[in-house]
Amino acid sequence: MVLIPNMMCDARLFSPQITAFSGLRDLYLASINQRDSVLGLAQDILSNAVPRFALCGLSMGGIVAMEILRLAPNRVDRIALLDTNPLAERTRLKHTAFPK
């Protein structure tokens, strides 16, 4: 299972899920502060994830999750998008760098 937090969040956000799924599923806690684009973040996560996985993203993490699904739909077993609006900033985030 790949867990992608919101901006300014870390693994502590998913503490209940980590507790519930530890020992039952492989967990990968992604960071979304290593790249300056949604595409770059999605590519990094895909390069580190197992071949097929469940995917969960919160807010900005959900936007990255949707990019992962677009890039590699055959690798995503299921997806959960939490507090994510795919239409809010779609044109601004379309494969462009975030504003500095």
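To be clear, the structure that these remarks concern was listed above.
Residues numbered from 1 in each chain as written. Predicted model: local features only at pLDDT ≥ 70, side-chain atom pairs only at ≥ 80, totals over all residues. Heavy atoms only, no water.

> Pulling in residues and values, what's your account of the overall build of the chain?
Counting its secondary structure elements, the chain contains four helices and four strands. Ordered by position from the N terminus, the helices and strands of the chain form the series β-α-β-α-β-α-β-α. Buried positions account for 36% of the 100 residues belonging to the chain. A fraction of 63% describes how many contacts in the chain between residues 6 or more apart in sequence connect residues 24 or more apart. Carbon and sulfur atoms make up 55% of the accessible area of the chain, which totals about 6,200 Å². (Helix = DSSP H or I, 4+ residues; strand = E, 2+ residues; numbered from the N terminus. Buried < 20%, exposed > 50% of the residue type's maximum accessible area, 1.4 Å probe, protein only. Contact = heavy atoms within 4.5 Å. Areas by Shrake-Rupley, 256 points an atom, 1.4 Å probe, with all protein chains shown as cover.)

> So, the packing of helix α2 (residues 38–48) against helix α3 (residues 60–71): which residues are in play, and what are the values?
Where α2 meets α3, the axes come as close as 9 Å, and the angle between the chain directions of the two elements is 70°. Compared by their axis directions, α2 and α3 come out roughly perpendicular. α3 is crossed by α2, and the crossing has right-handed handedness. On α3, the residues touching V38, L39, L41, A42, Q43, I45 and L46 of α2 are M60, I63, V64, E67, I68, R70 and L71. Residues of the contact of α2 with α3, tallied by class, amount to 11 nonpolar, one polar and two charged. (Axes fitted to C-alpha atoms, helices over the stretch in contact; angles between N-to-C directions. Parallel < 35°, antiparallel > 145°, perpendicular 65-115°, else oblique. Left-handed = near helix turned anticlockwise from the far one by under 90°. Nonpolar A, V, L, I, M, F, W, Y, C, P; charged D, E, K, R; others polar.)

> Would you mind going over the pairing of strand β3 (residues 53–58) in detail, with residue names and values included?
Taken across its six residues, β3 has six buried, putting it largely inside the fold. Burial of β3 is two-sided: the residues F53, L55 and G57 facing one way and the residues A54, C56 and L58 facing the other way are all buried. Pairing between strand β1 (residues 2–4) and β3: three bridges, direction parallel. In the strand pairing of β3, I4 is matched with G57. Bridge count for β3 against strand β4 (residues 76–82) is six bridges, and the pairing is parallel. Bridged to G57 within β4 is L81. (Pairing = 2+ DSSP bridges.)

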